[in-house]
There are 2 protein chains.
Amino acid sequence: MEKQFHPNISVDCVIFGFDFKKLNVILVERNVHDPVNGAKQISDLTLTGNHVYFDEKLEDAAKRILFNLTGLSGIYLEQFFTTGDPERLKSVKDQVWLQKIGKDPRERVVSVCYFSLLNCDEITLKMGNRKIGWYSVKEAKNLAFDHGTILGNAIKALQTKLLYEPIGFEMLPEKFTLTQLQKLYEVVFDVEFDKRNFRKKVSKMNYLVPLDEKQKGVSHKPARYYTFSRELYEKNSSAMFNFSI
Amino acid sequence: MEKQFHPNISVDCVIFGFDFKKLNVILVERNVHDPVNGAKQISDLTLTGNHVYFDEKLEDAAKRILFNLTGLSGIYLEQFFTTGDPERLKSVKDQVWLQKIGKDPRERVVSVCYFSLLNCDEITLKMGNRKIGWYSVKEAKNLAFDHGTILGNAIKALQTKLLYEPIGFEMLPEKFTLTQLQKLYEVVFDVEFDKRNFRKKVSKMNYLVPLDEKQKGVSHKPARYYTFSRELYEKNSSAMFNFSI
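Just so it is clear, the structure is predicted and the values come from calculations on it, not from any experiment.

Conventions we followed
- Residues numbered from 1 in each chain as written.
- Chains lettered and ligands numbered in written order.
- Predicted model: local features only at pLDDT ≥ 70, side-chain atom pairs only at ≥ 80, totals over all residues.
- Heavy atoms only, no water.
- Helix = DSSP H or I, 4+ residues; strand = E, 2+ residues; numbered from the N terminus.
- Buried < 20%, exposed > 50% of the residue type's maximum accessible area, 1.4 Å probe, protein only.
- Areas by Shrake-Rupley, 256 points an atom, 1.4 Å probe, with all protein chains shown as cover.
- Lys, Arg positive; Asp, Glu negative; His and termini not counted.
- Charge placed at Lys NZ, Arg CZ, Asp CG, Glu CD.
- Domains from an automatic or database assignment.
- Contact = heavy atoms within 4.5 Å.
- Buried area = accessible area lost by both parts, 1.4 Å probe.
- Salt bridge = Lys/Arg side-chain N within 4 Å of Asp/Glu carboxyl O.
- Polar contact = N/O pair within 3.5 Å; in protein donor to acceptor, adjacent residues only side chain to side chain.
- Least-squares fit on C-alpha atoms with pLDDT ≥ 70 in both.
- Phe/Tyr/Trp six-rings, centres within 6.5 Å; stacked < 30°, edge-to-face > 60°.
- Lys NZ or Arg CZ within 6 Å of the ring centre and 35° of its normal.
- Axes fitted to C-alpha atoms, helices over the stretch in contact; angles between N-to-C directions.
- Parallel < 35°, antiparallel > 145°, perpendicular 65-115°, else oblique.
- Nonpolar A, V, L, I, M, F, W, Y, C, P; charged D, E, K, R; others polar.
- pLDDT = per-residue confidence, 0-100.
- Pairing = 2+ DSSP bridges.
- Expected span 1.5 Å × (residues − 1).
- Disulfide = S-S within 2.5 Å.

## Quick look at the overall build of chain A
Part 1: Broken down by element type, chain A carries 6 helices and 9 strands.
Part 2: Each principal axis of the C-alpha distribution contributes one length, and for chain A these read about 65 × 40 × 35 Å.
Part 3: For chain A, the proportion of its 245 residues judged to be buried stands at 51%.
Part 4: Of the accessible surface of chain A, which amounts to about 12,600 Å², a share of 49% is contributed by carbon and sulfur atoms.
Part 5: Each charge class in chain A can be summarised by its mean position, and for the 36 positive and 31 negative side chains these summaries are 5 Å apart.

## Side note on the domain arrangement of chain A
All names here are of chain A.
Part 1: Partitioning chain A into structural domains gives domain 1 (8-164) and domain 2 (174-241).
Part 2: Summarising the inter-unit geometry, the C-alpha centres of domain 1 and domain 2 are found 30 Å apart.
Part 3: If you look at the interface, domain 1 gives 12 residues, while domain 2 gives 10 residues.
Part 4: Among the residues domain 1 hides against domain 2, the three largest losses belong to Phe18, Gln159 and Leu162. Together they make up 45% of the total.
Part 5: Looking at the side of domain 1 that touches domain 2, the element that brings in the most residues is helix 3 (residues 147-164), giving 6 residues.

## Looking at the interface of chain A and chain B
Part 1: Listed per partner, the contact involves 49 residues of chain A and 49 residues of chain B.
Part 2: Applying the counting rule to chain A against chain B returns 2 salt bridges.
Part 3: The partner of B:Asp85 in a salt bridge is A:Lys57, with the nearest N and O atoms 3.8 Å apart.
Part 4: Inspection of the region where chain A meets chain B yields 9 residue pairs in polar contact (both at pLDDT 80 or more).
Part 5: Going through the elements one at a time, strand 1 (8-18), strand 5 (76-83), strand 6 (109-119), helix 3, helix 4 (178-189) and helix 5 (195-202) of chain A are the ones with two or more residues in the side of chain A that touches chain B.
Part 6: A per-element tally of the side of chain A that touches chain B places helix 3 of chain A first, with 5 residues.

## Quick look at the pattern of salt bridges
Residues and elements named next belong to chain A.
Part 1: Within the structure shown, the criterion is met by 32 salt bridges over all chains.
Part 2: In this structure, Glu170 and Arg230 form a salt bridge, with 3.4 Å as the shortest nitrogen-oxygen distance. Here Arg230 lies in helix 6 (residues 230-235) and Glu170 lies in the loop between helix 3 and helix 4, a separation of 60 residues in the sequence.
Part 3: If you follow the salt bridges from partner to partner, you end up with Arg30, Asp44, Lys93 and Asp94 in one network.

## Regarding the relation of the copies chain A and chain B
Part 1: Placing chain A over chain B gives an RMSD of 0.0 Å and needs a rotation angle of 180°, together with 0.0 Å of translation along the axis. Here the symmetry operator amounts to a two-fold rotation axis. Considering only C-alpha atoms, the residue of chain A closest to the rotation axis is A:His6, which sits at 2.6 Å.
Part 2: Same-surface contact between copies: 100% of interface residues of chain A are shared with the interface of chain B.

## A short note on the packing of aromatic side chains
Part 1: The full count for this structure, using the stated rule, is 30 aromatic pairs over all chains.
Part 2: On the basis of an interplanar angle of 5° and a centroid distance of 4.3 Å, the ring pair of B:Phe169 and B:Phe228 is categorised as stacked. Placement of the pair is B:Phe169 in the loop between helix 3 (147-164) and helix 4 (178-189) and B:Phe228 in strand 9 (residues 224-228), with a sequence separation of 59 residues.
Part 3: Under the relative-accessibility criterion, B:Phe228 is labelled buried at 17%.
Part 4: Members of the aromatic cluster, each reached through a chain of ring pairs, are A:Phe16, A:Tyr76, A:Phe80, A:Phe81 and A:Phe115.
Part 5: Lying over the aromatic face of A:Trp97, A:Arg30 brings its terminal NZ or CZ to 5.1 Å of the ring centre.
Part 6: Sitting above the plane of the A:Tyr53 ring, A:Arg64 keeps its charged end 3.7 Å from the centroid.

## Details of the packing of helix 3 of chain B against helix 4 of chain B
Residue and element names in this part refer to chain B.
Part 1: For the pair helix 3 and helix 4, the least separation of the axes is 9 Å and the interaxial angle reads 135°. Of the possible angle classes, the one that applies to helix 3 and helix 4 is oblique. Facing helix 3, whose interface residues are Ile155, Leu158, Gln159, Leu162 and Leu163, helix 4 presents Tyr185, Val188 and Phe189.
Part 2: In terms of residue class, the contact of helix 3 with helix 4 is made up of 7 nonpolar, 1 polar and no charged.

## Observations concerning the confidence of the model for chain A
Residues and elements named next belong to chain A.
Part 1: For chain A, the average pLDDT comes to 89, and 93% of its residues sit at 70 or higher.
Part 2: The spread of mean pLDDT over the elements of chain A runs between helix 2 (residues 92-100), the lowest at 88, and strand 5, the highest at 97.
Part 3: Under a pLDDT of 50 for its full length, residues 239-245 has, in the predicted model, 28 contacts with residues more than four places off or in other chains.
Part 4: For this predicted complex, the interface confidence reaches an ipTM of 0.89, while the overall pTM sits at 0.91.

## Some words on the environment of B:Lys200
Part 1: Along the polypeptide, B:Lys200 turns up in helix 5 (residues 195-203).
Part 2: Note: C-alpha distance between B:Lys200 and B:Asp146 (54 residues apart in sequence) is 40 Å.

## Some thoughts on the environment of B:Ser91
Part 1: Within the secondary structure layout, B:Ser91 lies in the loop between strand 5 (76-83) and helix 2 (92-100).
Part 2: With 56 residues separating them along the chain, B:Ser91 and B:Pro35 place their C-alpha atoms 9.6 Å apart.

## With respect to the side chain of B:Arg88
Residue and element names in this part refer to chain B.
Part 1: Within the element layout of this structure, Arg88 appears in the loop between strand 5 and helix 2.
Part 2: Polar contacts involving the side chain of Arg88 include one to the side chain of Thr83, which spans 3.4 Å.
Part 3: When neighbours within four sequence positions are excluded, Arg88 is seen to be in contact with Asp12, Thr83, Asp94, Val109, Val110, Ser111, Phe145, Asp146, His147 and Ile150.

## Notes on the pairing of strand 5 of chain B
Taken residue by residue, a regular strand's side chains alternate between the two faces of the sheet.
Residue and element names in this part refer to chain B.
Part 1: Counting buried positions along strand 5 gives 8 out of 8 residues, so the element sits mostly inside the fold.
Part 2: As paired strands, strand 5 and strand 6 (residues 109-119) are joined by 7 bridges and run antiparallel to one another. Pairing of Thr82 across the sheet is with Val112, part of strand 6.

## Digging into helix 3 of chain A
Part 1: With 18 residues, helix 3 of chain A extends 26 Å from end C-alpha to end C-alpha; this agrees with the ideal 26 Å at 1.5 Å per step.
Part 2: Of the positions making up helix 3 of chain A, those classed as buried are A:His147, A:Ile150, A:Leu151, A:Ala154, A:Ile155, A:Leu158, A:Gln159, A:Thr160, A:Lys161, A:Leu162, A:Leu163 and A:Tyr164.

## Thoughts on the state of the cysteines
Residue and element names in this part refer to chain A.
Part 1: If you walk through the whole model with that rule in mind, you get 0 disulfides over all chains.
Part 2: Cysteine Cys13 remains unbridged, with the sulfur of Cys113 as its closest cysteine sulfur at 8.7 Å.
Part 3: For Cys13, a relative accessible area of 0% corresponds to the buried category.

Here's what the structure looks like:
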């Protein structure tokens, strides 16, 4: 029995974005032969990912994927999970696809997963010939491989991190209203917050700075803009010990 | 240029334990040739780990390591980090050791890391010929490979998790005093808590059940014993939305 194995190593990126209405994720269309009717082409969706190069750090592979996709570096990036079950690429559809693109379908692939945060509006996506786009996380069903599980874990990791670090600002423009901030928390946790309770929580975020500027050209009463101050946050961030269990 | 690579996959386990005084971790002694004087044997310490078998799930490899070490299954286990930098095994000492045990020292090793929680007192460790034992995390310096970094990340992961889930009870006996519970939080976060403030926090843990039993044979005033009720915790655990940012 061959006890050890040498798998392929890849990196998958779960790239979240917020468009003031819902939580979105970047997915790529994959064309694949219908396992029932081989002549028929069907398509499904995958996360963005790639293999890790020889001599490349795992995190650098994730940064390369993000850069190729957006042209940007310095995007928020966090490793949250590694998947490597022997069965993860064993569905008929995935096996057919692996063969088609010239991979050994028996090969095991271990994938180190990262999540990233972007402001949907400020990004132009590019990815050669493949169709790519933002999808609501609620509509991201029946993903290829085990990408549905990876996405589910990424959402949990994002929620958890948001409980003790204000990383949500990575998905907002520089200035935003409190209503927009509340909506961000609501779509990440998939709950509705009472406005008064939310404002009470917000009033304790001493790194949230009100600006001398209000919305323009809106039909309702224009709301004040706020901004996130990393400096103030870092000055006051002994929050780690403020455990709430 | 060979762009893809097929590394060795291993699992490393950071096994934490609490002995009522400090936070401990299980380490294994490694005998290695002194890179300066090859005739001389020196020893250092590593985390417990092993390679992943062909057809074995990553988590099952971690469970196997824990079972072989303690004879127990069902130990608290959590994946927190994967390390795979090309340079992580490239120190002279590690290269000499890899060669000695018959591994290809040029091979890259990706390691999926888990942390586990044990009650030190209730475990008998076994590991064949190799010396193994509990070490205070504060004294765990100059570990082999990048195991110092892994241990540092594990401590951060444990602290973070403890902020929103009462996993500390995994390291306590079934009944414990509030002073013991406070000490547990203090050694994990490496801070001292004010007794009154800590008791105030504790009074909100409605899953902490006072028992009709007190310490016996102690020189000070005997303290009441408490126990952790998983049932009560799970009934009330909408704490996820109680974010404290």
